[in-house]
Amino acid sequence: MNIIKAKNLIKDYNSFRAVNNIEFEIQEGECFGFLGPNGAGKTTVMRILYCFMPPSFGMVEVLGINVLSNPSQIKSKIGVMPQEDNLDIDLTVLQNLIVYARYFDIPKHTSNPLAIELLGYVELEDKINANILSLSGGMKRSLSLARSLINCPEILILDEPTTGLDPYNRRMVWNKLNDLKSKNTTLVLTTHYMEEADKLCDRVAIMDSGRILTIDSPSNLKKIHGGTLEDVYLKLTGRPLEP
Amino acid sequence: MNLKRALRVWQRHFTVYKKLYRYSIVLNFVEPALYIIALGLGLGAFIKEINGIPYVNFIAPGFIASSSMFAATYECTYGTYIRMTFQKTFDAILSTPVNLQDLVAGELIWGATKSMFYGTIIIIAITLFRLVDSPFIVLLIPILFISGLLFAQLSIICAAIVPGIDSFNYYYTLFMTPMFLFSGIFFPLDPLPKIITYIAYFTPLYHLANVCRSLSAGHVSGSLMSIAWLSAAVLLLSPIPFKLMRKRIIK
């Protein structure tokens, strides 16, 4: 079943066309990746999916609901891990989860044990009462991931989930994402790391300048174009590196 | 707009404020206390009376108005702006079921709450100093919420259009300070050129100061026109902060 559908999707920022007439469908339980150079339009697509901004043209449906018709209902069933951490620095680690849960109307007697469980899940149980500013970059990403799971989302949207992480933390995030996938959570992510896309994604869309160049599984792409996923990416996005 | 979701935003601010209020509440007393001592007692020693009222009694109720005005204004200019830009609190909230209209409503209601709270503190303080003549002063508390909403609306309009945080200086210097000085808090405006009285009539602080002084003296009827003015202004402005914030945040 298609859990996300986008047709003739266009997004303009004033005169700049960030997303140029793209189409894709994402299936339930799938891990779907958007790859592409900076400025390709990946984050814009993510923001449209989690109803942060409306499309300029075209149709986008998430969980069978048009993003323009009932964003609150969509947002209540998805989790978002944004590219830049936007944790609430006025609150402690635990309060971040509990206050965030309140936006979903999850009462404290439910959110409190869930928050503690999630902090254990992302290995932050020692930091429950810590100040956000005292956390390392990796810990902040982990907390963002925990926060995105507070409403037990059906779809998890991750915008560059591992950018800036050390190898240990990156592997930890990968393990968590594989674990969520095995529990049938649909994952939609963007990444610059081809190894990450290769390991996690069932299918990837390679984007450049607001367009989708191809959508396929990493293994098919490697078979058709030859080489590694990175070779395919460089071949398709057409920006030869200096020797 | 969904009120329940707006109150979730309010609740977030309340959670944060609960951690800080013990430190900030003392300061709320200090500033008006300084004005009352310096102007009420210092300057008052020379002025003695205005319209038959001792000078310190004349100016004291005005500080309910100014204190509640500044509370909503700081909260919804600098506070809102910082949450919107530097802290990215808005981005986080908007990826939950809370929509932009709910978020803006939450900011406004929080600004009004804080305004009412800070004004009430001054009511208590000046009552303890026996500078209030009538128990009708308690009627002022809900009105402080209405005027707080108005100051919050003006501040959010400002936060939605400023290019950067430094631009708030224009709002404070060109609007807040003159309004504070010519609101009738410190002296009756009658001796000034008529044009200043007319301009003052179109500023919210003039009306709020009038309501504070009237109720403090027990003249309920003297406050009614100003209460109507403040309520009408809230209704008139009500769509604007929502529209401008949408324009600013959702590209």
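These numbers come from a predicted model, not from an experiment.

Along the backbone of chain A there are nine helices and ten strands. Over its C-alpha trace chain A gives a radius of gyration of 18 Å, about what one expects of a compact globule, namely 18 Å for 243 residues. Taking the principal axes of its C-alpha atoms as reference, chain A extends roughly 50 × 45 × 35 Å. Long-range pairs, those at least 24 residues apart, make up 66% of the contacts in chain A between residues at least 6 apart in sequence. Counting only carbon and sulfur atoms, one obtains 49% of the accessible surface of chain A, whose full area is about 10400 Å². Measuring between centres, the 26 positive side-chain charges of chain A sit 2 Å from its 29 negative side-chain charges.

The subject of this paragraph is helix H5 (residues 137–148) of chain A. The terminal C-alpha atoms of H5 of chain A lie 17 Å apart, and with twelve residues this matches the ideal 16 Å at 1.5 Å per residue to within 8%. By the criterion of burial, H5 of chain A is predominantly enclosed, with nine of the twelve residues buried. Regarding H5 of chain A, the residues found buried are Gly-138, Arg-141, Ser-142, Leu-143, Ser-144, Leu-145, Ala-146, Arg-147 and Ser-148 of chain A. Buried residues belonging to H5 of chain A abut strand S6 (78–81), helix H3 (93–103), helix H4 (108–121), strand S7 (155–159) and helix H6 (167–182) of chain A together with helix H4 (89–94) of chain B.

This next bit is on the sheet that holds strand S5 (residues 65–66) of chain A. All names here are of chain A. Strand order across the open sheet formed by four strands is S2-S1-S4-S5, with antiparallel pairing between neighbours. Unpaired on one side and paired on the other, strand S2 (16–27) and S5 mark the two borders of the sheet. Looking at chain direction, strand S4 (residues 57–62) and S5 are connected through two bridges and run antiparallel. Note that in S5 the partner of Val-62 across the bridge is Ile-65.

Note that side chains of opposite charge can pair when their charged atoms are close. Counted according to the given criterion, the structure contains 17 salt bridges over all chains. Here Asp-90 of chain A makes a salt bridge to Arg-12 of chain B, at a shortest N to O gap of 3.0 Å. In this pair, Asp-90 of chain A is assigned in the loop between S6 and H3 and Arg-12 of chain B in helix H1 (residues 3–47), connecting two distinct chains. Here Lys-114 of chain B ties to Glu-75 of chain B by a salt bridge, and the two come within 2.6 Å at their closest N and O atoms. Of the two residues, Lys-114 of chain B is situated in helix H5 (residues 100–128) and Glu-75 of chain B in helix H3 (residues 62–84); the sequence distance between them amounts to 39 residues. Taken individually, Lys-114 of chain B and Glu-75 of chain B each receive the classification buried, so the pair is uniform in this respect. It is possible to trace a salt-bridge network through shared partners that takes in Glu-75, Arg-83, Glu-107 and Lys-114 of chain B.

All names here are of chain A. Take Phe-57: it is sitting in strand S4. Each C-alpha atom of the pair Phe-57 and Asn-8 lies 7.1 Å from the other, and the pair is 49 residues apart in sequence. Once you skip the residues sitting within four places of it in the chain, Phe-57 turns out to touch Asn-8, Leu-9, Ile-10, Asp-12 and Arg-17.

Turning to the packing of aromatic side chains, a few remarks are in order. The full count for this structure, using the stated rule, is 31 aromatic pairs over all chains. Cation over ring: Arg-213 of chain B sits above Phe-58 of chain B, and NZ or CZ is 3.8 Å from the ring centre.

Two modes of strand pairing occur in sheets, parallel and antiparallel, and in both the strands are linked by backbone hydrogen bonds. Residue and element names in this part refer to chain A. Spatially, the six strands line up as an open sheet ordered S6-S7-S8-S3-S9-S10, and their pairing is mixed. The sheet is open, and its two edges are formed by S6 and strand S10 (211–216), each paired on a single side. Taking the axes of each pair of neighbouring strands and ignoring which way they run, one obtains an average angle of 15 degrees across the sheet. Examined bridge by bridge, strand S3 (residues 31–35) and strand S8 (residues 186–191) share five bridges and lie parallel to one another. Bridged to Leu-35 within S8 is Thr-191. Each of strand S9 (203–208) and S10 is contacted by helix H8 (residues 218–225), which is oriented at about 100 degrees to S10, the strand it contacts most. Sheet strands touched by helix H9 (residues 229–237): S3, S9 and S10. Its angle to S9, the strand with the most contacts, is close to 35 degrees.

Residues and elements named next belong to chain A. Where burial is concerned, the two faces of S6 agree: the one with Ile-78 and Val-80 and the one with Gly-79 and Met-81 are both buried. Judged from the four bridges that link them, S6 and S7 form a sheet pairing that is parallel. Bridging from a neighbouring strand, Met-81 pairs with Leu-158 of S7.

What follows concerns the nonpolar core. Among the nonpolar cores identified, the biggest contains 157 residues, and Phe-24, Phe-34, Val-62 and Leu-177 of chain A together with Leu-140 of chain B are the most heavily contacted of them. It is helix H6 (residues 140–161) of chain B that contributes the most residues to this core, twelve residues altogether. Not counting chain neighbours up to four residues away, the residues in contact with Phe-24 of chain A comprise Ile-4, Lys-5, Ala-6, Phe-34, Val-45, Leu-49, Ile-212 and Ile-215 of chain A.

Another aspect to go through is the pairing of S3 of chain A. With five of five residues buried, S3 of chain A is to be regarded as a mostly interior element. Judged by which residues are buried, S3 of chain A turns out to be covered on both faces: Cys-31, Gly-33 and Leu-35 of chain A on one side and Phe-32 and Phe-34 of chain A on the other are all buried.

All names here are of chain B. Taken as a whole, chain B shows an average pLDDT of 95; of its residues, 100% reach a score of 70 or greater. Averaged pLDDT values over the elements of chain B bottom out at 89 in H1 and peak at 98 in H6. Here the predicted complex carries an ipTM of 0.94, next to a pTM of 0.95.

Conventions and cut-offs
- Residues numbered from 1 in each chain as written.
- Chains lettered and ligands numbered in written order.
- Predicted model: local features only at pLDDT ≥ 70, side-chain atom pairs only at ≥ 80, totals over all residues.
- Heavy atoms only, no water.
- Helix = DSSP H or I, 4+ residues; strand = E, 2+ residues; numbered from the N terminus.
- Rg over C-alpha atoms; globule rule 2.2 N^0.38 Å.
- Contact = heavy atoms within 4.5 Å.
- Areas by Shrake-Rupley, 256 points an atom, 1.4 Å probe, with all protein chains shown as cover.
- Lys, Arg positive; Asp, Glu negative; His and termini not counted.
- Charge placed at Lys NZ, Arg CZ, Asp CG, Glu CD.
- Expected span 1.5 Å × (residues − 1).
- Buried < 20%, exposed > 50% of the residue type's maximum accessible area, 1.4 Å probe, protein only.
- Pairing = 2+ DSSP bridges.
- Salt bridge = Lys/Arg side-chain N within 4 Å of Asp/Glu carboxyl O.
- Phe/Tyr/Trp six-rings, centres within 6.5 Å; stacked < 30°, edge-to-face > 60°.
- Lys NZ or Arg CZ within 6 Å of the ring centre and 35° of its normal.
- Axes fitted to C-alpha atoms, helices over the stretch in contact; angles between N-to-C directions.
- Core = buried A, V, L, I, M, F, W, Y, C linked by side-chain atoms within 4.5 Å.
- pLDDT = per-residue confidence, 0-100.

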